[in-house]
Amino acid sequence: MLNVSNKVLQQLAALLLERAGLKITPDGFHSLRLALSTRMPALGIEEPERYLQRLTGVGGEEELRSLLPLVTVGHTEFFRDAKQFRALEKSVLPDLLARARREMRKVSIWSAGCATGEEPYSMAMVLAELGALSVEVDLWATDLNLAAVEAARQGRFSMRRSISIQPERLARFFRPVEDGHEALPALREYIRFDGQNLAVPVFDKVALNSLDLILCRNVIIYFDLPTIRGLMDRFLSALRPGGLLFLGYSESLFKVYDRFEMIEVDGAFVYRRPPSDKGYRPPPLRIHPYPGATDAQARAPEPEPFSPAVYARPAVELAQGARSRASTPDAASIRGAGALSGAFPAVRPLPAASTPSGTQPSATTKTNDLGRPRVTVELPAVSPADAVRTRPTVELPAVSASARTVTGELPAATAWPKLLPPAERLAMAVRKMTQGDFPAAIQGVQRLLVDEPSDLDALLTLGNLFSLTGRITEAREAFAQAIQREPLCVEARVFGGVAALQAGELREARSELGKALFLEPTLAIGHYLLAQVQERSHDAESARRSYRNAIAQLRFPQRTLAGHYPEMLDSAEAISRAARYALAALEEQPPH
């Protein structure tokens, strides 16, 4: 490990706090050392003091952005993003296991950008709980930061980093050590760790059409557009037809890459290589043939991938299918005498990959104000009553008509039903917000967060509700919780700036929006809001510059922000029109 003095680490932590709002306490200095051990050799710098001078000198801002994703490896969590892990546990991984067993091969998964290993170890625990043996799984975990990879391979996690693991899982998969917990050898057997630069033009360790699932979360936000498009080409080539790609909550391929299709799985939106994509000839992943692959294997037809209908299984059928397979010799042979001594016992049998006879899921495409396509899969009805229930989409739907009274209001008895998916429950609260019923909206979001404490959309929405009702202290607390969960959460900074602006705290508003724009310089709404703050501060020249920046950034794709804020400018046309109008008004004012 690189030898860095505490003085340098303290100065670096102060710089990250000032520019990006990233707070790193002394117990997180380990992540700073990991980041420095990667960036300093890349720049040919040997002395930490010289690297610090580089960060504070000309061009230091870009280098600081390059350092950020490496620093935040210390902020990864086990089972990060509850919605995605719910989809993985309930649908995606059981289906992949069932398909791989039918085809007598391993399930192939790539955790790209695994940092210190929390993500692949979380995946390994779920796979073990599903009854998969380590010999049935090829779980490849890679990161650019070789020091982080080595730390992940050791499988040792402090008490603070392992706090998000349920006690039952800790007892089953880890053993206590002096400063925390260590993964058992049987769990480590599921994962092979390696170094890999995602920006290289060729992946020489990955075969074409070989992967069932890629997780690359909270990584591409640090890449420019050409790098993202090249990476998506290589991911598409690596996935089997029908294979899935999981990105981070704030990452989107809208107007960036269109060869993946977006689908919904148990409330999580993921990207999929089209199942009929067999005619597509992607760019090569490797310069030479894959070791061990014969010409016949290379020409072998790809079997039919699982379809969206796999995700549409009623609970009754799952239970019946599980009972029927438990009694078959095939199911018993997988976990019988051939099981390894270190393997974990199955917790539950795998569900059948089938849909009710005669029922087909329907796919729909919707757009939001930015023209952003949303491809969703409509789940088949289980009962007539279920048939009329509104299905969740990425554009949070209004409450279904069947749940309303004649006046359009929700009956009190069914105001916040816990059985609805989180997206629909949040949609109900957002509807109350737009109607001006802020107490009911706050109550609904708070109840949702009791059941779904990691729902970032809900947490950001709650902060906005507090802000709109003048509860600035509680708004700050909500946004601080969001940043604690996602240290580089741009939305928390944007909405925090809006809350400060509403409270008349202009210095705080400028600081929060400045941090948001450091993290995402092309965010047009951020520049527009900063101009509003500058105009309120009687800094007309800076306001003019920020309005022009807002208009200029619209040449880049603008993503939809997580969280809900009524009447927030959310389309390129609206931002452009408002910025041009405000700029024209400022231009008419005489210079001071």
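Above this text is the structure in question.
Residues numbered from 1 in each chain as written. Predicted model: local features only at pLDDT ≥ 70, side-chain atom pairs only at ≥ 80, totals over all residues. Heavy atoms only, no water.

Engineer: How would you explain the sheet that holds strand E2 (residues 137-143) if you had to name every residue and give the values?
Structural biologist: Taking strand neighbours across the sheet as the criterion, the 7 strands line up as E6-E2-E1-E7-E8-E10-E9 in an open arrangement whose pairing is mixed. Pairing within the sheet leaves two strands with one partner each, and these edge strands are strand E6 (191-195) and strand E9 (261-265). Strand-to-strand twist across the sheet, computed as the mean angle between neighbouring axes with direction ignored, equals 25°. As paired strands, E9 and strand E10 (residues 268-272) are joined by 5 bridges and run antiparallel to one another. Residue pairing for E10: Met-262 is matched across the bridge by Tyr-271. (Pairing = 2+ DSSP bridges. Helix = DSSP H or I, 4+ residues; strand = E, 2+ residues; numbered from the N terminus. Axes fitted to C-alpha atoms, helices over the stretch in contact; angles between N-to-C directions.)

Engineer: Before we move on, could you go through the environment of Ala-82 and cite the residues and values that matter?
Structural biologist: Take Ala-82: it is sitting in helix H5 (residues 82-102). Taking the C-alpha atoms as reference, Ala-82 lies 7.4 Å from Asp-455; in sequence the two are 373 residues apart.

Engineer: Kindly report on the packing of helix H18 (residues 472-485) against helix H19 (residues 490-502), identifying the contributing residues and their values.
Structural biologist: At a closest axis distance of 10 Å, the pairing of H18 and H19 adopts a crossing angle of 170°. Between H18 and H19, the angle is such that the two are roughly antiparallel. Across the interface between the two elements, Ile-472, Phe-479, Ala-482 and Ile-483 from H18 touch Ala-492, Arg-493, Phe-495, Gly-496, Ala-499 and Ala-500 from H19. A class-by-class count of the residues in the contact of H18 with H19 yields 8 nonpolar, 1 polar and 1 charged. (Parallel < 35°, antiparallel > 145°, perpendicular 65-115°, else oblique. Contact = heavy atoms within 4.5 Å. Nonpolar A, V, L, I, M, F, W, Y, C, P; charged D, E, K, R; others polar.)

Engineer: Break down the pairing of E10 for me, citing the residues and quoting the values.
Structural biologist: With respect to burial, E10 is a largely interior element, 4 of its 5 residues being buried. As judged from the 2 bridges shared by strand E8 (residues 239-247) and E10, these two strands associate in the antiparallel manner. Looking at E10, one finds that Leu-245 is bridged to Tyr-271. Taken together, E9 and the strand that follows it, E10, pair antiparallel across an intervening segment of 2 residues, in which Asp-266 is found at a positive phi of about 50°. (Buried < 20%, exposed > 50% of the residue type's maximum accessible area, 1.4 Å probe, protein only.)

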